[in-house]
Amino acid sequence: MLKHWNKFCEQITAAEAKLQEFLTNGGLSALQGKKLQKFIKEWNDIKAIADDFDRFVNPIDPIKVESPFDQDDFRYIWRTWKEYLNEEHGITMRSRREQMSLDLLSELSENNPDTAIAYLRFAMAHGYRKFFIVDEKAKRTPEPQKTSKDGDSW
């Protein structure tokens, strides 16, 4: 996506240069120039939107993320967790958030990779956006079913 976005930004820059050249050398009459002002306003609005969006697409440089767990099975479930967040909740985890999340997961799991994996699997299986300490009772107790006013389950 970033590659396509950068190409789009390059195209806007090239079009801007051609527009400025046309305005400078186009030999437009005053009436034509006045009519062109509506287009120029729209063009400037498009550039402003692209500039705002660019700050989202090209954020500050990422930091190096260091996982507290070095096991392949943890790396797999962590990648799955990030994909799950994006797929289910539209959350893209950038480097600083990822590092803080890994640090928190390490703390919650008392630096035990098997416990950390269990917390992530539980959160994904139940549709949560966050992970948390899961006690043994929560693992065995099914979530209560929601019912309508008539008593029918949804």
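Engineer: Describe the packing of helix α3 (residues 72–89) against helix α4 (residues 95–108), and please don't skip the residues or the numbers.
Structural biologist: Orientation of α3 relative to α4, taken along the N-to-C sense of each, is 125°, at an axis distance of 13 Å. By the criterion of interaxial angle, the relationship of α3 to α4 is oblique. The chirality of how α3 crosses α4 is right-handed. Contacts between α3 and α4 involve F74, W78 and K82 from the former and E98, S101, L102 and L105 from the latter. Tallied by class, the residues present in the contact of α3 with α4 amount to 4 nonpolar, 1 polar and 2 charged.

Engineer: Which residues make up the layout of surface pockets, and what are the values?
Structural biologist: The calculated volume of the largest pocket comes to roughly 160 Å³. The wall of the largest pocket is formed by W81, L85, I91, M93, R97, S101, L104, R129, K130 and F131. Every element with two or more residues in the lining of the largest pocket is listed here: α3 and α4. Looking at which element gives the most residues to the lining of the largest pocket, the answer is α4, with 3 residues. The class makeup of the residues in the lining of the largest pocket is 6 nonpolar, 1 polar and 3 charged.

Basis of the calculations
Residues numbered from 1 in each chain as written. Predicted model: local features only at pLDDT ≥ 70, side-chain atom pairs only at ≥ 80, totals over all residues. Heavy atoms only, no water. Axes fitted to C-alpha atoms, helices over the stretch in contact; angles between N-to-C directions. Helix = DSSP H or I, 4+ residues; strand = E, 2+ residues; numbered from the N terminus. Parallel < 35°, antiparallel > 145°, perpendicular 65-115°, else oblique. Left-handed = near helix turned anticlockwise from the far one by under 90°. Contact = heavy atoms within 4.5 Å. Nonpolar A, V, L, I, M, F, W, Y, C, P; charged D, E, K, R; others polar. 1 Å grid on protein atoms, 1.4 Å probe; cavity = no way out; pocket = protein on both sides within 12 Å on 5 of 7 lines; lining within 4 Å. Points joined across faces, edges and corners; volume = space filled by probe spheres on them.

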